[in-house]
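Residues per chain, in single letters:
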Amino acid sequence: MQTSITNSTTRYGWGAIILHWLIALIFIGQFGLGFVMVRVTSQRTAFELIQLHKSFGFLLLGLIILRIVWRRGNTTPALPGSVGTLERRAAPLAHFALYALQLALPLSGWALVSVSMLEIPSLPFNLFVMPNLPLAESDGAESFWAAAHWYLAYAGMALVALHVAAALRHHFQLRDGVLMRMITPSSDPE
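Attention here is on the structure that accompanies the text. (Residues numbered from 1 in each chain as written. Predicted model: local features only at pLDDT ≥ 70, side-chain atom pairs only at ≥ 80, totals over all residues. Heavy atoms only, no water.)

1. Let's talk about the packing of helix α3 (residues 85-115) against helix α4 (residues 139-174)
Here is step 1 of the chain: The geometry of α3 relative to α4 is characterised by a closest axis approach of 8 Å and an angle of 150° between their N-to-C directions. Compared by their axis directions, α3 and α4 come out roughly antiparallel. Relative to α4, α3 is oriented so that their crossing is left-handed.
Here is step 2 of the chain: Here the contact of α3 with α4 is composed, by residue class, of 17 nonpolar, seven polar and three charged. (Axes fitted to C-alpha atoms, helices over the stretch in contact; angles between N-to-C directions. Helix = DSSP H or I, 4+ residues; strand = E, 2+ residues; numbered from the N terminus. Parallel < 35°, antiparallel > 145°, perpendicular 65-115°, else oblique. Left-handed = near helix turned anticlockwise from the far one by under 90°. Nonpolar A, V, L, I, M, F, W, Y, C, P; charged D, E, K, R; others polar.)

Written out as structure tokens, the structure reads:
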């Protein structure tokens, strides 16, 4: 039986699975990279790490927009009948919060570099210069966006930890197949 690129009513397809895991890898990697880049002592290394962080931030922004479009255009597999009412209500809210944070984080980073008084260009993967957002440069704006980016990053990681804990609970405690459907694609002929 062939696997599907699109979702079915019971499982995710390759499109959703690849986007999910690619975004997860970049999102978690960005947190680690952000943590390291502000702690290195070499200015050259810091500059290179910051450019890499910005590059992956722009990539993440594009991928999350694609993921949202993909999700809106595909069936969302139903939760198993064993999932309780509270969890059925909480799951869509948690997913919405994840999407919102994954959009807000790169946008806040883009705003941060756009208002910076340093005027250092963003060079995604050294391919082109990404234009700044049309925001006024100022020390106050830079402080605001730096704080927003920092708080969003930690909130995002907390939400990711909660998401991982819920997935592991489904897999090891409830044994209901919720995690497996994001690992193994749909083969339903829908």
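Now that the structure has been shown, the text picks up again.
2. Description of the packing of helix α1 (residues 14-37) against helix α2 (residues 43-72)
Here is step 1 of the chain: Relative orientation of the contacting elements α1 and α2 amounts to 155°, with a least axis distance of 9 Å. With respect to their mutual orientation, α1 and α2 come out roughly antiparallel. At the point where α1 passes α2, the crossing takes the left-handed sense.
Here is step 2 of the chain: Here the contact of α1 with α2 is composed, by residue class, of 20 nonpolar, six polar and one charged.

3. Here's the deal with empty space enclosed by the protein
Here is step 1 of the chain: A full pass over the atoms with the stated rule returns one cavity of 30 Å³ or more.
Here is step 2 of the chain: In this structure, the largest cavity encloses a volume near 60 Å³.
Here is step 3 of the chain: In terms of lining residues, the largest cavity is bounded by N7, Y12, A16, R67, W70, R71, N74, T75, T76 and Y99.
Here is step 4 of the chain: Among the elements that make up the lining of the largest cavity, the one with the highest residue count is α2 (three residues).
Here is step 5 of the chain: Considering only residue class, the lining of the largest cavity consists of four nonpolar, four polar and two charged. (1 Å grid on protein atoms, 1.4 Å probe; cavity = no way out; pocket = protein on both sides within 12 Å on 5 of 7 lines; lining within 4 Å. Points joined across faces, edges and corners; volume = space filled by probe spheres on them.)

4. Thoughts on the nonpolar core
Here is step 1 of the chain: I23, F27, L60 and L63 are the most contacted members of the largest nonpolar core, which totals 15 residues.
Here is step 2 of the chain: Put simply, the parts of the chain that give this core at least two residues each are α1, α2, α3 and α4.
Here is step 3 of the chain: Among all residues touching L63, those that are not within four sequence positions of it are L19, L22, I23 and I26.
Here is step 4 of the chain: Counting five residues, the second largest nonpolar core, distinct from the first, contains F58, L61, W110 and M130. (Core = buried A, V, L, I, M, F, W, Y, C linked by side-chain atoms within 4.5 Å. Buried < 20%, exposed > 50% of the residue type's maximum accessible area, 1.4 Å probe, protein only. Contact = heavy atoms within 4.5 Å.)

5. Remarks on the pattern of salt bridges
Here is step 1 of the chain: In the structure shown here, the tally under the stated rule is two salt bridges.
Here is step 2 of the chain: Salt-bridge contacts for E48 lead to R44; the nearest nitrogen and oxygen are separated by 3.4 Å. Taken together, the residues E48 and R44, both in helix α2 and four residues apart, mark about one turn of the helix.
Here is step 3 of the chain: A relative accessible area of 42% places E48 in the partly exposed class.
Here is step 4 of the chain: Accessibility expressed as a relative area gives 64% for R44, which makes it exposed.
Here is step 5 of the chain: For R169, the salt bridge is made with E87, and the minimal N-O distance between the two is 3.2 Å. With a gap of 82 residues between them, R169 in helix α4 and E87 in helix α3 connect regions that are remote in the sequence.
Here is step 6 of the chain: Residue classification places E87 among the partly exposed positions, given a relative accessible area of 22%. (Salt bridge = Lys/Arg side-chain N within 4 Å of Asp/Glu carboxyl O.)

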